[in-house]
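Residue-level structure breakdown
Spelled out from the first residue to the last, the chains are:
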Amino acid sequence: MRKFKGWTIPGHDIPEGARDVSPGAEETIDVISGEYRIYQLKDGHRFSTDDVLVAWYATENSPQANRILDLGSGIGSVALMVAWRRPRTKVVTVEAQDVSIACARKSWALNGLS
């Protein structure tokens, strides 16, 4: 992995422990934080700067939190960024849409998370 000032440069390498999970015809795999990747629908919900801001705000303002709940987590973008910034924090997500849950589960598997 390539590093810059202790941070992994986005777009380089797949994290250790990651499983090979191929994207479906309607999905892409994109860089989200450091070495973490996310599955997204080509023509559906995709992460945005709002998600980045929420994840940053949560981790900056709750540095001692050992559990975080993400309600309406969608494809899991905020949860993935929180998990990347706070690797010892337990992240729980709740989502109602099956298509979003499928993308989130693939992303967790790809990044070696459970």
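Here goes a summary of the coordinates provided. This is a predicted model, so every value here is computed, not measured. (Residues numbered from 1 in each chain as written. Predicted model: local features only at pLDDT ≥ 70, side-chain atom pairs only at ≥ 80, totals over all residues. Heavy atoms only, no water.)

**A closer look at the pattern of salt bridges**
Within the structure shown, the criterion is met by three salt bridges. Lysine 106 is the partner of glutamate 27 in a salt bridge, and the nearest nitrogen-oxygen pair spans 2.7 Å. Here glutamate 27, found in strand β3 (residues 27-33), pairs with lysine 106, found in helix α3 (residues 98-110); they are 79 residues apart in sequence, far enough to count as distant. Overall, the relative accessible area of 22% leaves lysine 106 in the partly exposed class. The salt bridge involving glutamate 60 is made with arginine 85; its shortest N-O contact spans 2.8 Å. (Salt bridge = Lys/Arg side-chain N within 4 Å of Asp/Glu carboxyl O. Helix = DSSP H or I, 4+ residues; strand = E, 2+ residues; numbered from the N terminus. Buried < 20%, exposed > 50% of the residue type's maximum accessible area, 1.4 Å probe, protein only.)

**Observations concerning a nonpolar patch on the surface**
Where nonpolar side chains cluster on the molecular surface, the patch consists of Leu69, Leu71, Val92 and Val94 and spans about 360 Å² of accessible area. Elements supplying a minimum of two residues to the nonpolar patch: β5 (67-71) and β6 (90-94). You can see valine 92 is positioned in strand β6. (Patch = residues over 30% accessible without salt bridge, like charges linked within 9 Å, V, L, I, M, F, W, Y side chains within 5 Å. Areas by Shrake-Rupley, 256 points an atom, 1.4 Å probe, with all protein chains shown as cover.)

**Remarks on the side chain of serine 100**
With respect to the helices and strands, the residue serine 100 is situated in helix α3. Setting aside residues no more than four positions away along its own chain, serine 100 makes contact with Gly74, Ile75 and Glu95. (Contact = heavy atoms within 4.5 Å.)

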